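# Architecture at a glance
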Amino acid sequence: MTRSYDDLYWNSSDGLRLHARDHQPAAGTSPRGTVVCIPGLTRNGADFDALATTLSARGWRVLAVDLRGRAGSARAPDPSSYNPRTYADDLVALLRAQGIDRSVFIGTSLGVLVTITLATRAPGLIAAAVLNDAGPKVPRQALARIGKYAGKHLPPMDLAQAAAYAESIGKASFPRFGADDWRDMATRMFRQRDDGLLELDYDPAVIRTTRPWVLWLLRPLLWRAVRTLTGQAPTLIVRGALSDILPPDVARQMAATSANARLVEVPEVGHAPTLSEPEARQAILALLERVA
């Protein structure tokens, strides 16, 4: 399979070598700007390959990042640096290294917290934002569900076993997925070892971000960050109709923070939409037209 991206590396302020998938605008298109995609807690930049193909065909450069501790980015010797503030600073370092003054940010799950944190730390960098299926308030039951599998040790496995694992933790969120979809998800979640077997592609220590008491204490600050973001930039809030992470009332409250904000719901999908669904894709393209 032909790769649609180049490997891009940069250094964090604390010396980690970090990685992003750099999807350049398609040949023959007029450059329209940069989109930075930020994945969820245990995921990586590969989750945005399909969306990046759509956007690069329309002239956008897409940087799909691996947050520290995931995939091609180095693991942090100090696990306390696995937090939205540090992740946001890592993105500031990326844009500075690339000479990018402003970008559209698309964050999924944890990527939402990183994006709204960035809005308070470097607001001038954000031309527009997509907040995919997370917000300032996450139900404790949803965090407990994630805690049942995130960061847990798994033995090395083959692709069929990895696909079965992906289905076991994701089938409630993606009831329409078939066997090929689960295999594709497994290839994004796992890395291949030298012996050919697969292992999860992240540092287990990253799960500290999901501790309920941490998010509970941060709620007032996170709501303030949402208001800061939506007050300064066009913002699209995406919610999976089956999501337990972003309740409907919280999504509506986020959209009501500013006339700049819009809410779109993706049917028959839980946490989190892949953003390749027609409803999400069309809403993202409409947002980008506003800022191109």
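This text goes with the structure placed above it.
Presented here is an overview of the structure given in this document. Quantities reported herein were computed from a predicted structural model and do not represent experimental measurements. (Residues numbered from 1 in each chain as written. Predicted model: local features only at pLDDT ≥ 70, side-chain atom pairs only at ≥ 80, totals over all residues. Heavy atoms only, no water.)

### Side note on the overall build of the protein
Within the protein, the secondary structure is distributed over 9 helices and 10 strands. For a compact globule of 292 residues, the expected C-alpha radius of gyration is about 19 Å, and the protein comes in at 18 Å, within 12% of that figure. For the protein, the C-alpha atoms occupy an extent of roughly 50 × 45 × 40 Å along the three principal directions. Taken across its 292 residues, the protein has 53% of its residues classed as buried. Within the protein, counting contacts between residues at least 6 apart in sequence, those at least 24 apart form 74% of the total. Put simply, the protein shows about 12,900 Å² of open surface, and 51% of that area lies on carbon and sulfur atoms. Averaging the positions of the 35 positive and the 29 negative side-chain charges in the protein gives two centres separated by 8 Å. (Helix = DSSP H or I, 4+ residues; strand = E, 2+ residues; numbered from the N terminus. Rg over C-alpha atoms; globule rule 2.2 N^0.38 Å. Buried < 20%, exposed > 50% of the residue type's maximum accessible area, 1.4 Å probe, protein only. Contact = heavy atoms within 4.5 Å. Areas by Shrake-Rupley, 256 points an atom, 1.4 Å probe, with all protein chains shown as cover. Lys, Arg positive; Asp, Glu negative; His and termini not counted. Charge placed at Lys NZ, Arg CZ, Asp CG, Glu CD.)

### Describing helix H5 (residues 159-170)
Taking 1.5 Å per residue, 12 residues should reach 16 Å; H5 reaches 16 Å between its end C-alpha atoms and fits that length. Within H5 the residues assigned to the buried category are Ala-162, Ala-163, Tyr-165, Ala-166 and Gly-170. End-on, the buried residues of H5 take up no more than an arc of 160°, which puts them together on one face. Looking at the packing, one finds that the buried side of H5 touches helix H6 (179-189), strand E7 (190-192) and strand E8 (198-200). (Expected span 1.5 Å × (residues − 1). Arc of directions from axis to C-beta.)

### Focus on the pairing of strand E4 (residues 60-66)
E4 sits mainly inside the fold: 7 of its 7 residues count as buried. Burial of the side chains of E4 extends over both faces: Trp-60, Val-62, Ala-64 and Asp-66 are buried on one face and Arg-61, Leu-63 and Val-65 on the other. The pairing of strand E3 (residues 33-38) with E4 spans 5 bridges and is classified as parallel. Looking across to E4, one finds that Cys-37 is bridged to Ala-64. Crossover handedness for the path E3 to helix H1 (residues 49-56) to E4: right-handed. (Pairing = 2+ DSSP bridges. Right-handed = clockwise from strand over helix to strand, strands pointing away.)

### Points about the pairing of strand E6 (residues 126-132)
Burial within E6 is extensive, with 7 of its 7 residues counted as buried. Between the parallel pair strand E5 (residues 103-108) and E6, the chain is carried across by helix H3 (residues 110-121), and the sense of this crossover is right-handed. Pairing of E6 with strand E9 (residues 235-240) involves 4 bridges; the strand directions are parallel. Following the sheet pairing, Val-130 is matched in E9 by Leu-236.

### A look at the side chain of Ser-81
Mapped onto the elements, Ser-81 comes out in the loop between E4 and helix H2 (84-98). On the basis of relative accessibility, which here comes to 10%, the residue Ser-81 falls in the buried class. Polar contacts involving the side chain of Ser-81 include one to the side chain of Arg-68, which spans 2.9 Å. In this structure Ser-81 touches Arg-68, Ala-76, Thr-86 and Tyr-87, once residues within four positions along its chain are discounted. (Polar contact = N/O pair within 3.5 Å; in protein donor to acceptor, adjacent residues only side chain to side chain.)

### Details of the packing of H2 against H3
Angle between the axes and distance between the axes: these two values describe a pair of packed helices. For the pair H2 and H3, interaxial distance at closest approach is 8 Å and the crossing angle is 70°. Here H2 lies roughly perpendicular to H3, going by the angle between them. In this structure, H2 meets H3 at a crossing whose hand is right-handed. Where H2 abuts H3, its residues Pro-84, Arg-85, Tyr-87, Ala-88, Asp-89, Leu-91 and Val-92 lie against Leu-110, Leu-113, Val-114, Thr-117, Leu-118 and Arg-121. (Axes fitted to C-alpha atoms, helices over the stretch in contact; angles between N-to-C directions. Parallel < 35°, antiparallel > 145°, perpendicular 65-115°, else oblique. Left-handed = near helix turned anticlockwise from the far one by under 90°.)

Purely geometric numbers; function is a separate question.
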